[in-house]
Every structure is written in structure tokens, then in C-alpha cells.
Amino acid sequence: MLGSLGLWALLPTAVEAPPNRRTCVFFEAPGVQGSTKTLGELLDTGPELPRAIRCLYSRCCFGIWNLTQDRAQVEMQGCRDSDEPGCESLHCDPSPRAHPSPGSTLFTCSCGTDFCNANYSHLPPPGSPGTPGSQGPQAAPGESIWMALVLLGLFLLLLLLLGSIILALLQRKNYRVRSEPVPKPGPDLGRDWSVELQELPELCFSQVIREGGHAVVWAGQLQGKLVAIKAFPPRSVAQFQAERALYELPGLQHDHIVRFITASWGGPGPMLSGPLLVLELHPKGSLYHYLTQHTSDWGSSLRMALSLAQGLAFLHEERWQNGS
């Protein structure tokens, strides 16, 4: 514990002893590594503690105390191996030197009078300005975890908000480019959809990814490639036509917007036939589903945010067709 302080060498250089040698209090707590008893002559002061030591190589005493929240405990007292700055002090005025553990600070002092290291003049409380480890209030581990969870929740909320904005801009772009209004539900709206759309015999339905109010999204295959199939019931023809119009807008191809493949009709069974949108299938599914099932690290979160931002910037671009 004390070796890291670099205070004294255990083998002093061969020098002549000063004429009037200094006498200091000598003490070493159990378990302390190293000893400074070779820096002086231990005096026979009887069985009581502390003992005394007469310095051989300096006129300077030292003391080390370990200050905790409860009390100050002496660790070492004895002679220094040489006179150095601080040894001219008449009293032991400790200063902080190390922080061996949380809530614990080592203080040392040097002084130049007999038995001056017997007692210290003052020790500041742990964590006060100037003591090691007193950089200000720190959050407890539990508080840090809760703070990280709150920040992650805010970040995920931002991602969902950006996704909603992208969907709204897609709908706005459809209204701007196409002059005709979005079809509204009516008795004649779905009259020709089964004639217009062609069935794809090679389209296979695998499993349901998500069910919504107007459609069911399936994972499937088309010509051996994985695709997402959005199946609409006959009563939701208006929603099908509106979304199809969005995906068929000219110039809508972008790396960060799902790719439209084709429109068709059919279903996983004869009783479930209806209009279909065949889209590119992302391996990790929808952003909403992924965020509800996984915890994203910082790097992945930044990549998702960048992808959303690039798609959003693309949708904000002004694009003109036929003067409008």
C-alpha cells in the first residue's frame, strides 16, 4: 500500500551521521510492506507504545495516517532517509498523497523537531477540496444504469418519431406529384382490382410478421428470393390503392427506403385472397419490431439514426415532373 508513495529507500547511502541526531516516534502497522527501522537506532523505551528511533541520516521525522469516514489510523512513523523540503516544519502538518480505496485517503507529514511526528495538527475530512478522489459528486452505479436506460428510451423514441415523419412525407409526396386524390372507400372502388392484378403462382407465404388494422404482413418467397408480402382483405382496397400509388411514384428508389417489387392478388388460402403488395424484405424486419425485441448498442443506434436521417433528407428534396 505504501510502496506506491515512493517516500523512502530501505537501504540508505553511506553518509556520516549528523552531530545532534533527531529522535522520532517509530511505529509500523501490521501488514505494512517494507520497513524504515534501518534508518535509525531503535531506543529501548519499555513495552509501552509508541517506541522511539534516533535518526542516522537526517534530522527529519515523518508520519503516515489513513483517514476514513470514521477515524484516522496511523500506518507508519519514523525517520526520513534525508532532509528535504518540508522537514523544516516544527509540527506535523499532513497533506494528502494517495487514495488507496473509496472513502480512504493517505496523509503524510515531515517535520524537524524531536517527537514531532507523534501527533498531527489537522486532517481534512475525506472528499474535501484538495484530497485525492474529491472531483465532485459522482453518481452511484444504480443511478448510472437508470440514466443510461432513460437516455436509451429517449433515443428509441426519437427513432420512432423519425419513422412517423418519413411515412407522413411519403403520403405528402403522393398528393403533390399525382393530381388525382387518394381513392376513398366506396361500393365501386374494388370492382376492377381482381381483373387488373395478376396472380403470381410462384409467390409463397411463409409466416406472419405483423398484423395491422388494414393488412397482414407476411414473410415469403418470390422466385426463390425472400420478400415481404402485405396482404389486404377485399374491404381494404382503398388502403391498398393508396399505398400502391405511393410506392409507384417516379424516382422513389433510395437505399434507405423499402423497395417496391410488384402488386398482385392472392393469399395464403382460397378464403384469404385479396390485393397484395410485394416489397423488399429486410432480414431484421420492421424498425418497430426490432426495437421492441432488441437492445441496441451505441454504434448500431447511430447507424439507424443516420439511415433514417438520409431517408428523411431524400423525401425533403424538391422533385419536379411535368412542371409540377
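It should be emphasised that the depicted structure is a prediction, and the values quoted were computed from it without experimental measurement.

Can you walk me through the packing of aromatic side chains in this structure?
Two aromatic rings, taken as a pair, are described by how far apart their centres are and by the angle between their planes. Enumeration according to the criterion identifies five aromatic pairs in this entry. Consider the rings of Phe205 and Trp218, whose centres lie 5.5 Å apart with planes at 85°: the pair is edge-to-face. Of this pair, Phe205 sits in strand 8 (residues 203-211) while Trp218 sits in strand 9 (residues 216-222); the two residues are 13 residues apart in sequence, bridging distant segments of the chain. For the pair Phe232 and Phe240, a centre-to-centre distance of 5.7 Å together with 65° between the ring planes defines the contact as edge-to-face.

Hey, could you run me through the sheet that holds strand 2 (residues 40-43) in this one?
Whether parallel or antiparallel, the strands of a sheet pair through hydrogen bonds between backbone atoms. On the basis of which strands lie adjacent, the open sheet formed by seven strands has the order 2-3-1-5-4-7-6 and antiparallel pairing. Either end of the sheet is taken by a strand with one partner, and the two such strands are strand 2 and strand 6 (95-101). Here the average twist between neighbouring strands, direction ignored, is 35°. Pairing of strand 6 with strand 7 (residues 104-111) involves four bridges; the strand directions are antiparallel. Along strand 7, the bridge assignment pairs Ser101 with Ser104.

When you look at the sheet that holds strand 12 (residues 274-280) in this model, what are you seeing that I'm missing?
Across the sheet, which stays open at both edges, the five strands sit in the order 8-9-10-12-11 with antiparallel pairing between neighbours. Each edge of the open sheet carries a strand with a single partner, namely strand 8 and strand 11 (260-266). Ignoring strand direction, the axes of neighbouring strands in this sheet form an average angle of 30°. Inspection of the sheet shows strand 11 paired to strand 12 by six bridges, in the antiparallel sense. Along strand 12, the bridge assignment pairs Trp265 with Pro275. Sitting on the sheet, helix 3 (residues 237-247) touches strand 10 (225-231), strand 11 and strand 12, and the angle it makes with strand 12 is about 30°.

Any chance you could explain helix 5 (residues 298-316) here in plain terms?
Spacing of three or four residues puts side chains on the same side of an α-helix, whose turn is 3.6 residues. Here helix 5 contains 19 residues, and its C-alpha end-to-end distance of 27 Å stays within 8% of the 27 Å for a straight helix at 1.5 Å per residue. Within helix 5, burial applies to Ser300, Ser301, Met304, Leu308, Gly311, Leu312, Phe314 and Leu315. The buried side chains of helix 5 occupy one side of the element, clustering within an arc of 160° when seen end-on. Pointing more than 90 degrees away from the buried face of helix 5 are the exposed residues Trp298 and Arg303.

Sorry, what's going on with the environment of Ile166 here?
Among the structural elements, Ile166 can be located in helix 1 (residues 141-177). On the basis of relative accessible area, Ile166 is assigned to the buried category, the value being 13%. Here the alpha-carbon distance between Ile166 and Phe314, two residues 148 residues apart in the chain, equals 9.7 Å. Setting aside its immediate chain neighbours within four residues, Ile166 contacts Leu308, Leu312 and Leu315.

Whenever I open this one, the environment of Pro201 confuses me. Can you help?
Tracing the backbone through its elements, the reader meets Pro201 in the loop between helix 2 (193-196) and strand 8. Taking relative accessible area as the criterion, Pro201 reaches 72% and is therefore assigned exposed. Sequence separation between Pro201 and Leu222 is 21 residues; the distance between their C-alpha atoms is 9.1 Å.

Would you explain the pairing of strand 1 (residues 23-28) in this entry?
Along any regular strand the residues' side chains alternate between the sheet's two faces. Alignment of strand 1 against strand 3 (residues 51-55), held across four bridges, turns out to be antiparallel. Across the sheet, Val25 pairs through a bridge with Ala52, a residue of strand 3.

Mind showing me how you'd approach the nonpolar core here?
Most often, soluble globular proteins keep nonpolar side chains buried together rather than apart. Grouped together as the largest cluster of nonpolar side chains are 18 residues, with contacts concentrated most on Leu159, Leu252, Leu291 and Leu315. The set of elements that each furnish at least two residues to this core consists of helix 1, helix 4 (287-293) and helix 5. The element that contributes the greatest number of residues to this core is helix 1, accounting for seven residues.

Can you help me understand the pattern of salt bridges in this one?
A side chain of one charge can pair with a side chain of the opposite charge when the charged atoms of the two come close. The tally for this structure, following the rule as stated, stands at five salt bridges. For Arg22, the salt bridge identified is with Asp114, shortest N-O distance 3.1 Å. Separated by 92 residues along the polypeptide, Arg22 in the segment before strand 1 and Asp114 in the loop between strand 7 and helix 1 bring together distant segments of the chain. For Arg22, a relative accessible area of 9% translates into the label buried. Close ionic contact of Arg244 with Glu248 constitutes a salt bridge, the shortest N to O distance being 3.0 Å. Judged by relative accessible area, Arg244 falls into the buried class, the value being 17%.

What counts and what doesn't
- Residues numbered from 1 in each chain as written.
- Predicted model: local features only at pLDDT ≥ 70, side-chain atom pairs only at ≥ 80, totals over all residues.
- Heavy atoms only, no water.
- Phe/Tyr/Trp six-rings, centres within 6.5 Å; stacked < 30°, edge-to-face > 60°.
- Helix = DSSP H or I, 4+ residues; strand = E, 2+ residues; numbered from the N terminus.
- Pairing = 2+ DSSP bridges.
- Axes fitted to C-alpha atoms, helices over the stretch in contact; angles between N-to-C directions.
- Contact = heavy atoms within 4.5 Å.
- Expected span 1.5 Å × (residues − 1).
- Buried < 20%, exposed > 50% of the residue type's maximum accessible area, 1.4 Å probe, protein only.
- Arc of directions from axis to C-beta.
- Core = buried A, V, L, I, M, F, W, Y, C linked by side-chain atoms within 4.5 Å.
- Salt bridge = Lys/Arg side-chain N within 4 Å of Asp/Glu carboxyl O.

Functional significance is not addressed by these values, which are geometric in nature.
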